[in-house]
Amino acid sequence: MEEQKVPQNIEAEETRPAGAVQESPPAGESGSEARNTPAGQGGLPDDGQQPAGESREEVDVKELEQRLAEQTALAQDYFQRLARMQADFENYRRRMNREREEWFKYASQPLVAELLSVLDNFERALAAREEDPARVVAGVEMIYRQLKEILTKEGLSPVPAVNEPFDPAKHEAIMQEETDAYPDNTIIEELRRGYYFKDRLLRPAMVKVARAVSVQEQQKEQNNHSKPENEKENKENNQTSSVC
């Protein structure tokens, strides 16, 4: 019998280890093996360009770098504006403090300027004290009226006191007097005048306050009044009895 020969290519395929990479077919050979080659194992695509994923990453990096540069420039601009605003505000604060100190320092200048005329009148009155005392008195009265007008224009006003109910918020009671001529807790005398400055109490008024007479005091007074009358009647009765 003749021996059957086995093709060599079949033996090679059977003896090839599992998982080995199949060699590409020769140049010019077409077939299903060439078409079934896995993507990416053959290097670059047929057109020679880079993969789409890599080009997209490069575009994203360039765009991010451009946006970062724009935001950095914007941040620098904001920082410079903030620095200028802070410097302007510091200068404004210093100027306001200086103006406020000057205002407090010279706040009383208008009042002092008006009081100069009062000072002049006082000097004239004192110069005439030896010549005519009556002129001095008249000058002092005029100065008092002038000073009162100036202070009233500035906001000074007296605190009502006499015949007013006692109010500890604006009155200071230093004396009390029992009397029936006034209602209880009524101011009957002003010992020192109090003043308001605009809507604020500048100084309370020192006053004397009436206090109602108690029942015992009234009985004592009645007894004291009745005693002389009784004594007078007793004397008259004694005299008539002696005559009889």
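Before reading further, recall that the structure is shown in the block above.
In this report, the structure presented in the accompanying data block is examined. No experiment lies behind these values; they were computed from the predicted model shown.

### Let's talk about the overall build of the protein
Phase 1 of the analysis: Counting its secondary structure elements, the protein contains 6 helices and 6 strands.
Phase 2 of the analysis: Counting helices and strands in the order they occur from the N terminus, the protein gives α-α-α-α-α-β-β-β-β-β-β-α.
Phase 3 of the analysis: The burial tally for the protein puts 10% of its 244 residues in the buried class.
Phase 4 of the analysis: Put simply, 61% of the contacts in the protein that link residues at least 6 apart link residues at least 24 apart.
Phase 5 of the analysis: Counting only carbon and sulfur atoms, one obtains 51% of the accessible surface of the protein, whose full area is about 21300 Å².

### Some thoughts on unusual backbone geometry
Phase 1 of the analysis: Backbone geometry places asparagine 163, a non-glycine residue, at a positive phi of 70°.
Phase 2 of the analysis: Looking at the element boundaries, asparagine 163 is found in the loop between strand E1 (156-158) and strand E2 (171-178).
Phase 3 of the analysis: Exposure remark for asparagine 163: the relative accessible area of 51% places this residue in the exposed category.
Phase 4 of the analysis: The backbone phi angle of asparagine 185 is positive, close to 65°, even though this residue is not glycine.
Phase 5 of the analysis: With respect to the helices and strands, asparagine 185 occurs in the loop between E2 and strand E3 (187-192).
Phase 6 of the analysis: With a relative accessible area of 37%, asparagine 185 lands in the partly exposed category.

### Let's talk about the pairing of strand E5 (residues 200-203)
One face of the sheet, then the other: side chains in a regular strand alternate in exactly this way.
Phase 1 of the analysis: Examined bridge by bridge, strand E4 (residues 195-197) and E5 share 3 bridges and lie antiparallel to one another. Bridge pairing links phenylalanine 197 to arginine 200 in E5.

### Quick look at the pattern of salt bridges
Phase 1 of the analysis: Overall, the coordinates contain 8 salt bridges when judged by the stated rule.
Phase 2 of the analysis: For the salt bridge of glutamate 190 with arginine 193, the shortest nitrogen-to-oxygen distance reads 3.6 Å.
Phase 3 of the analysis: Classification of arginine 193 as partly exposed rests on a relative accessible area of 36%.
Phase 4 of the analysis: Taken together, the shared-partner salt bridges connect Glu90, Arg93 and Arg94 into one network.

### As for the sheet that holds E5
The strands making up a sheet associate through backbone hydrogen bonding, with each pair oriented either parallel or antiparallel.
Phase 1 of the analysis: Strand order in the open sheet made by the 3 strands is E1-E4-E5, with antiparallel pairing throughout. Two strands close off the open sheet at either side, each with one partner strand: E1 and E5. Pairwise comparison of adjacent strand axes, ignoring direction, gives a mean angle of 35° for this sheet.
Phase 2 of the analysis: Bridge count for E1 against E4 is 3 bridges, and the pairing is antiparallel. In the strand pairing of E4, proline 158 is matched with tyrosine 195.

### Topic: the sheet that holds E2
Phase 1 of the analysis: Spatially, E2-E6-E3 is the arrangement adopted by the 3 strands of the open sheet, whose pairing is mixed. Whereas interior strands pair on both sides, the edge strands pair on one side only; in this sheet they are E2 and E3. Direction aside, the axes of adjacent strands within the sheet are offset by 25° on average.
Phase 2 of the analysis: Relative to strand E6 (residues 205-211), E2 is paired through 7 bridges, and the arrangement is parallel. Looking across to E6, one finds that glutamate 172 is bridged to methionine 206.

Parameters and conventions
- Residues numbered from 1 in each chain as written.
- Predicted model: local features only at pLDDT ≥ 70, side-chain atom pairs only at ≥ 80, totals over all residues.
- Heavy atoms only, no water.
- Helix = DSSP H or I, 4+ residues; strand = E, 2+ residues; numbered from the N terminus.
- Buried < 20%, exposed > 50% of the residue type's maximum accessible area, 1.4 Å probe, protein only.
- Contact = heavy atoms within 4.5 Å.
- Areas by Shrake-Rupley, 256 points an atom, 1.4 Å probe, with all protein chains shown as cover.
- Pairing = 2+ DSSP bridges.
- Salt bridge = Lys/Arg side-chain N within 4 Å of Asp/Glu carboxyl O.
- Axes fitted to C-alpha atoms, helices over the stretch in contact; angles between N-to-C directions.

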